[in-house]
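Report on the structure
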Amino acid sequence: ALRRARRPPGPPTEAFQCQPSCQVLAAALRTSRTGTIMLLRRPFAIATAAAVAAAGGSVRTRVSATGMAGAGAPRVSRDASQTVTIAPAEGTPHTATVIGPIHGLGDTNMGWADAAMHIHSQLPHVKFVLPNAPVVPVTLNGGMAMPSWYDITSLDDRTVQPCAGIEESRATVTALIEAEVAAGLAHDRIVVGGFSQGGAVSLFTGLQYPHALGGVLCMSGYLAAQEKFELSPAAAATPVAHFHGSDDPTVRIEWARRSAEHLRAAGVKEYALKEYESLGHSASMEEIADVVAWLQTRLPPP
C-alpha cells in the first residue's frame, strides 16, 4: 500500500511515499553516478531513480514482466527547473499527457515519481510531467520556508483562506499545459492532477483554463481560494475525478464534499467524488487502481 511517510516531529507536510520503493529510489539518488541501472525488481522506482540520478539525461532500464510489459522502458529526464518527465518508450507514440501527479505541501515531485511510473506502466502512450513547488515561507510553518504551491495560514477550513501564491502556481501549471499544446496535443488529451495541495492547484488551474481538458484529477484535495476562482465556460465540460479518504484529518472530507457541491453549482457538468472508508491523508492501492482506470477512460490509446 501507499503509506504516509514517517517523519520526526516538525512542521506539517503533505509529503507521502510508496513504501518501500521510495527508499530504494532515495538510495539510488544518493549513490548512482551512471546513466543506466539494470535491475529486475521494483521497476518503476528504479527507473525513476536512474533517470534523475543521471542529472537530467534520459536513460534506459531493463524491467521485469511485472513492470512495463511489452512497452519498453520509458524515457525519464529532469530539466533545469527540476521538473521530472516520464515519456513513452522509444517506438511508442506519445498521444496524451498528464501534468502530475502534482505533489503536496512540504514534498517534492520525487515523492510521487515512482507512483507516476507505476501509472505510466498501465498507460505507456501517456507522458507524465511532474513539476516542483517553489520553496517559500509558509505561515502555518511559522514563516519558515518549505516547498509550497501557496501559503496556508492555519489548519482551519482552507477553502476560504487567501492562498497567497496560488496564481503564480496556476501560471506554472498553465505553462506546462501550453507546452503540450504547442507540441501538438489536443486539449482533450491533457489531464491535470495532484495530491492534497497539488490537487487543489489542479482544480484551481484546470477549471479556469480557457479550453476543456481531458480531465482534472484531485486526490485528497479541495477547491482553494474560492473567492478568486471563476469557472471558465469551456472548462465546465472538463470531467473531474476526486478521490478522498473519509478519515482524512488534514484535508477533511467535508471540505471535499463542499468543493464538489460548489463546483457542481458553478456549472461543472461531471464531478465524481469517491470516498474511501477508513483512509486518512494518504493514497491506497485501491485508489491508485481507480486513478488508472479513470485515466484509461479519459486518455485511451489511439
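All of these numbers come straight from a predicted model, not from anything done at the bench.

This part takes up the packing of helix α4 (residues 166–182) against helix α5 (residues 197–206). Following both chains from N to C, one finds α4 and α5 inclined at 70°, their axes separated by 9 Å at the closest point. With respect to their mutual orientation, α4 and α5 come out roughly perpendicular. Along its contact with α4, which presents Ile 166, Glu 167, Ser 169, Arg 170, Val 173, Thr 174 and Ile 177, the element α5 presents Val 201, Phe 204 and Thr 205. Class assignment of the residues belonging to the contact of α4 with α5 gives a composition of five nonpolar, three polar and two charged.

Attention shifts here to the side chain of Glu 180. Following the sequence through the fold, Glu 180 ends up in helix α4. By relative accessible area, which is 6% here, Glu 180 ends up buried. Excluding residues within four positions of it along the chain, Glu 180 makes contact with His 94, Thr 97, Ile 99, Lys 127, Val 129, Leu 185 and Ile 190.

Here we come to the pairing of strand β5 (residues 96–102). Counting buried positions over the seven residues of β5 gives seven, a clear majority of the element. One ladder, built from four bridges, connects β5 with strand β6 (residues 126–130); its direction is parallel. In the sheet register, Ile 99 faces β6, and the bridge partner there is Val 129. Regarding the hand of the β-α-β motif, the stretch spanning β5, helix α3 (residues 110–122) and β6 is right-handed. Judged from the four bridges that link them, β5 and strand β9 (residues 190–195) form a sheet pairing that is parallel. The residue of β9 that forms the bridge with Ile 99 is Val 192.

So, about the packing of aromatic side chains. Counted by the stated rule, this structure contains four aromatic pairs. Ring plane angle 45° and centroid distance 6.3 Å describe the contact between Phe 243 and Tyr 276, whose orientation is recorded as tilted. With Phe 243 in strand β11 (residues 240–245) and Tyr 276 in strand β12 (residues 271–276), the pair connects residues that are 33 residues apart, well separated along the chain. Each member of the pair Phe 243 and Tyr 276 is classed as buried.

What follows deals with the confidence of the model for the protein. Summary statistics for the protein give a mean pLDDT of 82 and a share of 76% for residues scoring 70 or more. Long-range and interchain partners of residues 1–11, a stretch whose pLDDT sits below 50, account for 21 contacts in this model, where long-range means more than four residues apart. Across residues 16–70, where pLDDT falls below 50, the model places 102 contacts with residues more than four positions away in sequence or in other chains.

Turning next to the side chain of Lys 127. Positionally, Lys 127 belongs in strand β6. A polar atom in the side chain of Lys 127 sits 3.0 Å from the side chain of Glu 180.

Attention now goes to the packing of α3 against helix α7 (residues 285–298). Packing of α3 against α7 leaves a shortest axis separation of 10 Å and a crossing angle of 50°. Judged by the inter-axis angle, α3 sits oblique to α7. Note on packing geometry: the crossing formed by α3 with α7 is right-handed. Together, Trp 112, His 118, Ile 119 and Gln 122 of α3 and Met 285, Ile 288, Val 291, Val 292, Leu 295 and Gln 296 of α7 make up the contact between the two elements. Counted by class, the contact of α3 with α7 contains seven nonpolar, three polar and no charged residues.

Another point: α3. The buried count for α3 comes to 11 of 13 residues, which makes it a mostly enclosed element. Looking at α3, one finds that the buried residues are Met 110, Gly 111, Trp 112, Ala 113, Asp 114, Ala 115, Ala 116, Met 117, Ile 119, His 120 and Ser 121.

Cut-off values and rules
- Residues numbered from 1 in each chain as written.
- Predicted model: local features only at pLDDT ≥ 70, side-chain atom pairs only at ≥ 80, totals over all residues.
- Heavy atoms only, no water.
- Axes fitted to C-alpha atoms, helices over the stretch in contact; angles between N-to-C directions.
- Helix = DSSP H or I, 4+ residues; strand = E, 2+ residues; numbered from the N terminus.
- Parallel < 35°, antiparallel > 145°, perpendicular 65-115°, else oblique.
- Contact = heavy atoms within 4.5 Å.
- Nonpolar A, V, L, I, M, F, W, Y, C, P; charged D, E, K, R; others polar.
- Buried < 20%, exposed > 50% of the residue type's maximum accessible area, 1.4 Å probe, protein only.
- Pairing = 2+ DSSP bridges.
- Right-handed = clockwise from strand over helix to strand, strands pointing away.
- Phe/Tyr/Trp six-rings, centres within 6.5 Å; stacked < 30°, edge-to-face > 60°.
- pLDDT = per-residue confidence, 0-100.
- Polar contact = N/O pair within 3.5 Å; in protein donor to acceptor, adjacent residues only side chain to side chain.
- Left-handed = near helix turned anticlockwise from the far one by under 90°.

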